[in-house]
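Listed below, chain by chain, are the residues.
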Amino acid sequence: YASSTRPVLRRKVSSWPLLTSTKLLHVKDIPNYDAHNIIERGAYFDREMYAFDTPYYEQIVRPLIEAMNIDLNRGTADYLILRDDRMPQNTATSPDKFHVRVSDFSVSIDSVTLKYVSTGDGFARFPYSYFPYLDVRVDGKEAPFFRSAMHDIVVPVYLGEHTVRILGRASPLSRWTF
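Residues numbered from 1 in each chain as written. Predicted model: local features only at pLDDT ≥ 70, side-chain atom pairs only at ≥ 80, totals over all residues. Heavy atoms only, no water.

Observations regarding the packing of aromatic side chains
Aromatic ring pairs are described here by two measures, namely the spacing of the ring centres and the angle between the planes.
Line of reasoning, step 1. As enumerated under the stated definition, the model contains 2 aromatic pairs in all.
Line of reasoning, step 2. For the cation-ring pair, K23 lies above Y79, with the distance from its terminal atom to the ring centre recorded as 4.9 Å.
Line of reasoning, step 3. The ring of Y130 carries R147 above its face, with NZ or CZ at 5.5 Å from the centroid. (Phe/Tyr/Trp six-rings, centres within 6.5 Å; stacked < 30°, edge-to-face > 60°. Lys NZ or Arg CZ within 6 Å of the ring centre and 35° of its normal.)

Structure below.
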């Protein structure tokens, strides 16, 4: 199919499952937390991972949520937690003055496009699974992205109105074989 014929989900939103912060924390800096347990156990693929009455939740998820200190009303956290070894600098924007409003987003089979307005620089955790060959762009320019502790991606957000586009890509080996 040509990309113009692929079905697209598009809607205006007042809130979106985008979690934002001006600060990042590496998973290894969470006290008494086994930073490798999610990946080594493959637990982020288990259905029971997020069920409140399982050991996974208490051992793996709750410590991350507590360290993040999420404000559900504002869609912000004190910290977004990375497991990526590349660690960008935290921003100078005051957390009290930082707000990101999503104005539009669309989802197709191979991409996500999100438009936002931000009151400062910071970071946003997208509910999009991490894959090292993603093509992430802000306003059409290649942008860095980082693997979060829960295996989704964190992308820098900038003051003003911007568009983030995430496009799935095949790995070099997959492209070579096809």
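Topic: the confidence of the model for the protein chain
Line of reasoning, step 1. The share of residues in the protein chain with pLDDT of 70 or more is 74%, and the mean pLDDT across the chain is 80.
Line of reasoning, step 2. Low pLDDT, under 50, characterises residues 1-15; the stretch is placed with 21 contacts to residues that sit more than four places away or in other chains. (pLDDT = per-residue confidence, 0-100. Contact = heavy atoms within 4.5 Å.)

Comments concerning the nonpolar core
Line of reasoning, step 1. In this structure, F126, V136, I153 and I166 are the most contacted members of the largest nonpolar core, which totals 22 residues.
Line of reasoning, step 2. Sorting the residues of this core by element identifies strand 7 (100-107), strand 8 (111-118), strand 9 (122-129), strand 10 (135-138), strand 13 (152-157) and strand 14 (160-167) as the ones contributing at least two each.
Line of reasoning, step 3. Among residues more than four places away in sequence, those in contact with I153 are A124, R125, F126, Y128, S129, Y130, L134, V136, F145, F146 and I166.
Line of reasoning, step 4. One finds Y33, M68, I81 and L82 within the second-largest nonpolar core, a separate group that totals 20 residues. (Core = buried A, V, L, I, M, F, W, Y, C linked by side-chain atoms within 4.5 Å. Buried < 20%, exposed > 50% of the residue type's maximum accessible area, 1.4 Å probe, protein only. Helix = DSSP H or I, 4+ residues; strand = E, 2+ residues; numbered from the N terminus.)

Considerations on unusual backbone geometry
Line of reasoning, step 1. With a phi close to 55 degrees, D139 is a non-glycine residue in the positive phi region.
Line of reasoning, step 2. Among the structural elements, D139 can be located in the loop between strand 10 and strand 11 (141-142).
Line of reasoning, step 3. In this structure, H151 takes a positive phi of about 70 degrees despite not being glycine.
Line of reasoning, step 4. Within the element layout of this structure, H151 appears in the loop between strand 12 (146-147) and strand 13.

Remarks on the side chain of S118
Line of reasoning, step 1. The residue S118 is located in strand 8 in this model.
Line of reasoning, step 2. Assessed through its relative accessible area of 4%, S118 is described here as buried.
Line of reasoning, step 3. Among the polar contacts made by the side chain of S118, one reaches the main-chain carbonyl oxygen of G120 at a distance of 2.5 Å. (Polar contact = N/O pair within 3.5 Å; in protein donor to acceptor, adjacent residues only side chain to side chain.)

Some words on the pairing of strand 9
Line of reasoning, step 1. Pairing of strand 2 (residues 19-21) with strand 9, which is carried by 3 bridges, proceeds in the antiparallel orientation. Following the sheet pairing, T20 is matched in strand 9 by A124.
Line of reasoning, step 2. Sheet analysis places strand 9 next to strand 13, joined by 6 bridges and oriented antiparallel. When the bridges of strand 13 are listed, F123 appears paired with P156. (Pairing = 2+ DSSP bridges.)

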